Amino acid sequence: MMRFGMGIMKSLHLKRRGCLLLKILCLVFLALIFCEFLVYYVVIFQCHWPEVKIEARRGSKESSAPVLKAMFLSDTHLLGEIKGHWLDKLRREWQMERAFQTALSLLEPDIVFILGDVFDEGKWSSSQAWADDVRRFQKMFRHSVHTELMVVVGNHDIGFHYDMTTYKLKRFAKVFNFTSGKLISRKGVNFVMVNSIALEGDGCTVCSRTEAKLMKLSYKLNCSRQQEQNHSKKRCRDVEQLPASEPILLQHYPLYRRSDAECTGEDSALPEEKNIPFKEKYDVLSREASQKLLWWFHPRLILSGHTHSACEVLHNGKIPEISVPSFSWRNRNNPSFIMGSIISSDFSLSKCFLPVESRIVTIYCIAGALLVVLILAHLQLLNPPFYFAQHLLGKHKAV
């Protein structure tokens, strides 16, 4: 009889342990599934493509123009073998992969632009390290044939001007099909992709080639915009015709501005950083290079990266430039990307925020606290205080 009772007690004890283990596994599973998968759908599902206002052009060609859905993100900074810790790599790269894949799934953009600093150590990488970084990038930012991916070069990809070499630039160009000045046209929209690191203005080999390439592109665009004029027809007779629309300029460095003092928004620079003056040719392009780009292309919109923070400024009082924040938790607590609905004569932009890292950490902390409470309750370490409080309440009622 005694053995039978002990057997029952042992069975109950094992059942309780099994029940506790099941609860722990469920809690851990739910926390992981939500924080590592579902939260990206919950957050990005709230983002929508902005509408292009074309009511004023109703009845014209523009009213039926196809809308190009373009995503712009920047500064992914995939860590390399020198500075990258494996845990940091795992955490940040998983975050970017899930954010990117979820955005593609929910938003289905026609084209995605990454505005430079794809890698953190491209300027130092050996051939083997470069190949490894490229392989990881291609896995993280994989996409279907229905979405095009275009990449602009940044200073961390090939080095600052003093460290930039033809070899590094060719290595980048081979992977991303990028040239120091590249023009692409999609659905009647012209994009000019610029190697802003090569706009130093000191006559270096890469700089000279880049400026020559950009001037040729400028000539092409100007001919296309003036193709209705008779004198332009003669001058541009042998020039390839492009859509007659003002281009959108894409580059890593922002055009010249003194600082981020005028920038606003929850993802702008920190208050203590906003008034720090920018250094020309390091934080922003020089005044001279900035004026050249504006004069050559007369863009209707400029998008840039590099600063890791958001900013919107007007150049010459009419040309907007949007600085796109970093896409990585490593550089921001609240990463984001820009969504653009663009036609040949107009555009509309909106911002899509990714999950905030500190909130994810908070959710994990709450789950951890619940886990501790669950274990303590199972060990009956929470019972004595509970019974003590119950005893005091009983005494109070008796009085």
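Thresholds, definitions, all that
- Starting afresh in each chain, residues are numbered from 1 along the sequence in its written order.
- Only residues with pLDDT of 70 or above have their local features reported here, since the model is predicted, and side-chain atom pairs are shown and tallied only from 80 upward, although totals for entire chains, interfaces and linings are computed over all residues.
- Here the side-chain values reflect all heavy atoms present in the structure, with hydrogen atoms and water set aside.
- In short, DSSP must find at least two bridges between two strands for them to pair.
- A run of DSSP states H or I qualifies as a helix once it reaches four residues; a run of E qualifies as a strand once it reaches two. Both are numbered from the N-terminal end.
- Structural elements are reduced to axes, namely lines fitted to C-alpha atoms, with helices fitted over the stretch in contact, and the angle between N-to-C directions of any two is expressed from 0 to 180 degrees.
- By the convention used here, residues are in contact when the closest approach between their heavy atoms is within 4.5 Å.
- Three exposure classes are used, based on accessible area relative to the maximum for each residue type with a 1.4 Å probe and protein chains only: buried under 20%, partly exposed in between, and exposed over 50%.
- Handedness is read with the strands pointing away from the viewer; a crossover is right-handed when the path from the first strand over the helix to the second is clockwise.
- We define the nonpolar core as a collection of buried residues of types Ala, Val, Leu, Ile, Met, Phe, Trp, Tyr and Cys that are connected through side-chain atoms lying within 4.5 Å of one another.

Some thoughts on the sheet that holds strand 2 (residues 111-114)
An order of 3-2-1-10-11 is seen for the 5 strands of this open sheet, with the pairing classed as mixed. Taken across any chain shown, the strands that pair with only one partner, and hence form the sheet edges, are strand 3 (148-151) and strand 11 (347-353). In this sheet, adjacent strand axes meet at a mean angle of 20° when their direction is disregarded. Sheet topology note: the strand 1 (residues 68-73)/strand 10 (residues 336-342) ladder contains 5 bridges and is antiparallel. By the bridge assignment for strand 10, Leu68 is matched with Ile342. Sheet strands touched by helix 2 (residues 86-107): strand 1, strand 2 and strand 10. Its angle to strand 1, the strand with the most contacts, is close to 165°.

Structural notes on the pairing of strand 2
The alternating pattern of strand 2 places Ile111 and Phe113 and Val112 and Ile114 on opposite faces, both of which are buried. Note: strand 1 against strand 2, 4 bridges, orientation parallel. Opposite Ala70, over in strand 2, you have Ile111 as the bridge partner. Following the backbone out of strand 1, through helix 2 and into the adjacent parallel strand 2, one traces a crossover that is right-handed. Pairing of strand 2 with strand 3 involves 4 bridges; the strand directions are parallel. Paired with Ile111 across the strands is Glu148, a residue of strand 3.

Describing the nonpolar core
Formed by 83 residues in total, the largest nonpolar core has its most connected members in Phe113, Phe137, Phe141, Phe191, Leu250, Leu293 and Phe337. For this core, the leading source of residues is helix 2, giving 6 residues. Discounting chain neighbours no more than four positions away, the residues touching Leu250 are Phe72, Phe113, Leu115, Val152, Phe191, Val192, Met193, Val194 and Leu303.

Functional significance is not addressed by these values, which are geometric in nature.
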